[in-house]
Structure formats: structure tokens, C-alpha cells
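# A structural walkthrough
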Amino acid sequence: MSEKALAERFGEVVLPHLGDALALARWLTGNATDAEDVVQEACVKAHAGIAGYAGGNARAWLLTIVRNTAYTWMSRNRPRGMLAVGDLGDLDEMAAAHGTSLPNQDGPEASLIARADTAALEAAIAALPQPFRETLVLRDINGLSYREVAAILEVPMGTVMSRLARARGLLVSELGERHDQS
């Protein structure tokens, strides 16, 4: 393939999914700056492998590269015991990208409550064990199918379903406890 054809294919396969790639990297790394580094590195890898891309779901292909790159990047750049917690602004950006926003129709009080609820949800997701967190993010935030999540994580579809159920249960439990303490 010529360089021009490779560049065109990269533009068709990778570029439309950069927003999702950045969102996934933010959830995995815990902040926007590290996520940008991960996505940049993932794009270099995707460009190098674009000639071998066999077709199919381009989004799942790119997110698999991003996931693998994120874990490699974090193993090189972070101490083992470090816990990543996402930025609240990331949720706002993702909501805007998907055409939703925090409710504001009832005034500043409702907006403040919604932001507090969003912060609680973000903290609860960040506190999930890694296998549950990445499954939840890929399925419920990125909207991938069970089959796509299974392919990205290289686990059986039943494992995806089980992890997702456990992650949702842990979130409900954690958010319920926080609500009861309020």
C-alpha cells in the first residue's frame, strides 16, 4: 500500500473514533494529560498496523489498541500502588459528546446536586476493581456490545456479563451507602 493509501485508511478507520479512544484512556489512566499521551502512542501503533487491519469494527480495533497501550504506558510511568481517579470534567465532556448534559432547568441548586451526584458516580466507578471498571466503561460508557467488549478484553462473553453485573451491583451498593450517609 502506498503512503497516501495508508494515510487515507488511517483517516477512515482511526480518526472517527478518537473521542472514544480519549474517553477510554481517561478512565483507565485517571486524567486527561496521561490519556492524551496514551492516545498519541496508540495512534502511532494504529498507524504502524493500519496495513494489517482486516476490516470489521474499527472502533473496537482502536479501543483494543488504546487499552493495551494504556496498561503498558501505566506500567512504565506509574508506581505500582498508585490509584487513578478521573476528573469530573471528563464526565462533562463525555456527556456533551453524547448529546446529554447535567440538568440545569431547576436553577443552580439542581445543577449543584447533579454535579455532586456525578462526582459520587465518578468516584464509585474509579473505586471499582480494574476488571470491573474497564468492563463497565467499555459497555456502559463507550456503548460497545458484549461481543466487542469480550474481544477487547480477551475473555468469554459470559465473563463480560458477570463482570458487568458485579460492577453495577458494586456501584449500586456504594452509591446507596453514600446516599444513606447524606
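Residues numbered from 1 in each chain as written. Predicted model: local features only at pLDDT ≥ 70, side-chain atom pairs only at ≥ 80, totals over all residues. Heavy atoms only, no water.

Before going further, it helps to examine the packing of aromatic side chains. One pass over the full model with this rule turns up one aromatic pair. On the numbers, 4.8 Å between centres and 50° between planes, the contact of Tyr-53 with Trp-61 is tilted. When the ring centre of Tyr-146 is taken as reference, the NZ or CZ atom of Arg-139 above it lies at 4.4 Å. (Phe/Tyr/Trp six-rings, centres within 6.5 Å; stacked < 30°, edge-to-face > 60°. Lys NZ or Arg CZ within 6 Å of the ring centre and 35° of its normal.)

It is worth spelling out the nonpolar core at this point. By size, the foremost hydrophobic cluster in this structure holds 43 residues, and its most contacted members are Val-14, Leu-24, Ile-50, Val-66, Leu-136, Leu-138 and Ile-152. Among the elements of the structure, helix H1 (3-13), helix H2 (18-29), helix H3 (32-49), helix H4 (58-77), helix H6 (108-127), helix H7 (130-141), helix H8 (146-153) and helix H9 (157-181) are those that each provide at least two residues to this core. In terms of residue count, H4 provides more of this core than any other element does, nine residues in total. When neighbours within four sequence positions are excluded, Leu-24 is seen to be in contact with Leu-63, Val-66, Arg-67, Val-137, Leu-138 and Asn-142. (Core = buried A, V, L, I, M, F, W, Y, C linked by side-chain atoms within 4.5 Å. Buried < 20%, exposed > 50% of the residue type's maximum accessible area, 1.4 Å probe, protein only. Helix = DSSP H or I, 4+ residues; strand = E, 2+ residues; numbered from the N terminus. Contact = heavy atoms within 4.5 Å.)

Phi is positive for Glu-154, close to 55°, though the residue is something other than glycine. By the element assignment, Glu-154 lies in the loop between H8 and H9.

With that settled, consider the pattern of salt bridges. Here the idea is simple: oppositely charged side chains can pair when their charged atoms come close. Taken as a whole, this structure holds five salt bridges when the rule is applied. Residue Asp-20 pairs with Arg-59 through a salt bridge whose shortest N-O separation is 2.7 Å. Placement of the pair is Asp-20 in helix H2 and Arg-59 in helix H4, with a sequence separation of 39 residues. We classify Asp-20 as buried; its relative accessible area is 18%. (Salt bridge = Lys/Arg side-chain N within 4 Å of Asp/Glu carboxyl O.)

The subject of this paragraph is the confidence of the model for the chain. For the chain, the average pLDDT comes to 81, and 76% of its residues sit at 70 or higher. Ranking the helices and strands of the chain by mean pLDDT puts H3 first, with 94, and helix H5 (residues 88-97) last, with 48. Every residue in residues 82-92 scores below 50 in pLDDT, and together they form 26 contacts with partners more than four places removed in sequence or on other chains. Note that residues 98-105 has pLDDT below 50 and, in this model, 12 contacts with residues that lie over four places away or in other chains. (pLDDT = per-residue confidence, 0-100.)

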